[in-house]
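Coordinate inspection notes
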Amino acid sequence: MRESKQPDMEDLEEEEDRMMQQLRSKATELLLRKEWNESVQAYSLFISLCHNQISNTHNHSDPDHLSKLHKSLCLALSNRAEALSRLRHFTDALGDCYQALKIDSAHFKTLLCKGKILLNLNRYSAALDCFKSALLDPQASLNSETINGYLDKCKKLEFLSRTGAFDLSDWIVNGFRGKPPELAEYIGTVEIKKSEMGGRGLFATKNIDAGTLLFLTKAIATERGILPQSNSEELGKNAQLVMWKNFIDKVVESATKCHKTHHLICRLSTGEDEDGLEVPDLSLFRPETEESSFSNEKLDMGKILSILDVNSLVEDAISAKVLGKNSDYYGVGIWVLAAFINHSCYPNARRVHVGDYVMVHASRDIKAGEEVTFAYFDVLLPLRNRREMAKTWCFSCNCKRCKFEEGICGKQEMIEIEMGLDRGLEVGGIVYRLEEGMRRWMVRGNEKGFLRASFWAVYSEAFGCEKSMRRWGRRIPAMEAVVGSVVEAVGSDERVLKALMEGLKRSGGGGIGMVEMERAMKLGRGVYGKVVKKQAMRTLLELCIQEQKHY
Ligand SMILES: C[S@@+](CC[C@H](N)C(=O)[O-])C[C@H]1O[C@@H](n2cnc3c(N)ncnc32)[C@H](O)[C@@H]1O
């Protein structure tokens with residue numbers, strides 16, 4: 001039987017209850033006013049008072065007091081999770097959801113909140129389970145449209161993430177108008193292993209055709225801006241510095257707010273002792289990996305800066321294509337899985353940027369076990385230029401192509417060809433000398449493509465020059481043959497595709513025949529990936545010709 005209580009004890013209880021009630025109303029008001037930080041603070045105080053009361057409640061006059069406290073705690077945790085998720089503190093928000101669901105495993109509001117957080121963390125199937133459970137609640141009937149919307153979104157993203165069946169066709173054909181298509185995290189047949197080039201690298205686990213998507217991932221952080229067009233170098237540098245600072249702030253914020261992001265950033269190279277770095281398991285990068293599997297290692301500012309220096313990518317790099325509205329912007333970002341890809345002057349992959357996502361696809365066929373590489377800098381240049389570029393990246397490239405060209409570039413004839421280039425000799429003549437040289441040095445197969453790629457600028461100028469073609473056309477290989485060997489050697493490239501399209505148009509009197517179009521499409525798949533159907537690929541090929549850039 002309940003002991004009778006002193007009246008002053010009951011007053012104290014009443015006073016405590018009143019205070020809790022006030023605090024809860026205040027927190028709710030802040031939440032409704034979208035003052036997320038303040039609301040988190042108020043709920044935190046309320047939650048700790050709840051915990052205190054739960055552990056100290058023994059003889060409360062209300063027999064339902066304890067169960068009421070648990071109910072209030074559950075709702076407060078749920079509301080704090082909502083506020084935390086709006087502040088993008090996903091790990092903490094998820095922690096609150098777990099606690100709330102421990103109290104009431106079917107708590108409607110928490111299930112919705114948890115589902116939305118998991119969706120933000122790209123954990124599509126776990127989010128789907130939450131929305132499915134929420135739908136069973138009687139309250140769901142009032143929100144069924146919203147919940148069904150989330151369910152459809154989760155199902156779609158889960159399917160895309162499992163199959164990699166992305167299709168950008170409609171968006172491209174509609175001139176990139178409207179929102180880009182919904183994209184999801186996807187990892188194809190690749191793995192991370194030790195690389196002969198240095199540290200770790202990404203490798204194909206199966207034979208992969210040109211154009212096949214290798215993976216698709218969202219940036220941890222990006223920063224974009226329109227750089228000043230004025231002649232002042234100072235202005236441009238300042239604008240870049242501001243962007244870089246904003247970018248660093250965003251990376252730090254993401255790492256602070258999400259344990260997984262923090263953990264993934266810690267796996268990246270700082271540029272030191274790369275061969276001693278651990279090889280992370282690919283499961284780390286999969287969207288379904290639970291937040292709780294990640295520890296919080298030390299990540300100071302010095303380490304972050306080195307990591308960003310080594311691993312950040314710019315969107316308008318030579319081996320990348322930006323689709324959609326980012327095109328006018330200078331953009332920098334960090335995409336973790338892409339940061340495991342080493343450079344090669346004999347690359348087999350390219351990237352396409354859509355919003356904050358990057359899609360990496362094979363730019364030529366890749367054999368099982370072969371390392372996946374893309375070009376950090378322009379590889380349609382002679383060895384000496386590439387060496388200079390590699391220096392700015394603080395490594396010296398020892399890929400197959402560089403090794404082969406080192407053996408060739410000491411030849412007297414090669415030195416003369418390069419001198420001729422510097423002196424501005426006629427391009428057709430230089431191409432002729434180079435082709436003759438290759439015949440005499442018995443350069444075969446891919447190696448021919450390597451050298452032609454090194455002197456691509458000369459070849460493309462010669463093919464585009466009527467005078468040169470009249471004089472040398474019969475003595476040098478056809479443009480299609482050169483394009484074929486360059487693409488086989490260094491993968492598809494937009495400039496090579498452009499030259500092919502222009503050449504085909506010229507020889508076809510302004511139009512391109514069916515067979516030739518098929519060839520161009522194949523090359524296009526290596527440049528843009530197989531994420532587009534025929535009509536959309538035609539649109540991209542047309543855009544490629546119109547592109548004003550000259551290389
Ligand atoms: C974005 S990371 C690539 C992944 C890196 N290997 C790792 O283990 O994390 C860039 C760094 O990889 C190394 N690297 C990339 N390509 C290379 C190459 N062709 N030759 C030598 N080192 C290379 C350089 O140290 C470079 O700073």
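Computed from a predicted model, the values in this text were never measured in an experiment. (Residues numbered from 1 in each chain as written. Predicted model: local features only at pLDDT ≥ 70, side-chain atom pairs only at ≥ 80, totals over all residues. Heavy atoms only, no water.)

What follows concerns the nonpolar core. Of all hydrophobic cores here, the largest spans 113 residues; its most connected members are F166, L168, W456 and Y459. The greatest single-element share of this core, amounting to eight residues, is contributed by helix α3 (residues 65-86). In this view, L168 contacts P181, L183, L323, V354, M359, V531 and V532; residues no more than four positions away in its chain are not counted. Within the second largest apolar cluster, 56 residues are counted, among which are F294, A362, V372 and A390. (Core = buried A, V, L, I, M, F, W, Y, C linked by side-chain atoms within 4.5 Å. Buried < 20%, exposed > 50% of the residue type's maximum accessible area, 1.4 Å probe, protein only. Helix = DSSP H or I, 4+ residues; strand = E, 2+ residues; numbered from the N terminus. Contact = heavy atoms within 4.5 Å.)

Here we come to unusual backbone geometry. The residue F176 is not glycine, and still its phi comes out positive at about 60 degrees. Within the secondary structure, F176 sits in the loop between α8 (169-173) and β1 (186-187). Although it is not a glycine, M442 adopts a positive phi angle of roughly 55 degrees.

The next thing to look at is the site of the ligand. In the vicinity of the ligand there are 17 residues, among which M197, G198, R200, N342 and H343 approach most closely. At a separation of 3.0 Å, a nitrogen atom of the ligand approaches a polar backbone atom of G198. When isolated, the ligand has an accessible area of 560 Å², and the protein chains bury 93% of it. Sorting the residues of the shell around the ligand by element identifies α11 (301-311) and β9 (342-343) as the ones contributing at least two each. Taken together, the residues of the shell around the ligand break down into eight nonpolar, seven polar and two charged. Looking at which domains feed residues into the shell around the ligand, each of domain 2 (173-374) and domain 3 (383-546) supplies at least three. (Near = heavy atom within 4 Å. Polar contact = N/O pair within 3.5 Å; in protein donor to acceptor, adjacent residues only side chain to side chain. Areas by Shrake-Rupley, 256 points an atom, 1.4 Å probe, with all protein chains shown as cover. Nonpolar A, V, L, I, M, F, W, Y, C, P; charged D, E, K, R; others polar. Domains from an automatic or database assignment.)

At a minimum axis separation of 10 Å, helix α12 (residues 383-392) and helix α13 (residues 400-409) run at an interaxial angle of 130 degrees. Classified by the angle between their axes, α12 and α13 sit oblique to one another. Seen along the crossing, α12 lies across α13 with a hand that is left-handed. Between α12 and α13, the residues in contact are L383, R386 and R387 and R401, C402, E405, E406 and C409, respectively. For the contact of α12 with α13, the per-class residue count stands at three nonpolar, no polar and five charged. (Axes fitted to C-alpha atoms, helices over the stretch in contact; angles between N-to-C directions. Parallel < 35°, antiparallel > 145°, perpendicular 65-115°, else oblique. Left-handed = near helix turned anticlockwise from the far one by under 90°.)

In sheet architecture, strand pairing relies on hydrogen bonds along the backbone and comes in two forms, parallel and antiparallel. What the three strands build is an open sheet, ordered β5-β8-β6; its pairing is antiparallel. A single partner strand is all that each edge strand has here, and the edge strands are β5 (221-225) and β6 (313-314). The pairing of β5 with strand β8 (residues 330-334) spans five bridges and is antiparallel. By the bridge assignment, E223 is partnered in β8 with V332. Each of β5 and β8 is contacted by helix α9 (residues 233-257), which is oriented at about 160 degrees to β5, the strand it contacts most. (Pairing = 2+ DSSP bridges.)

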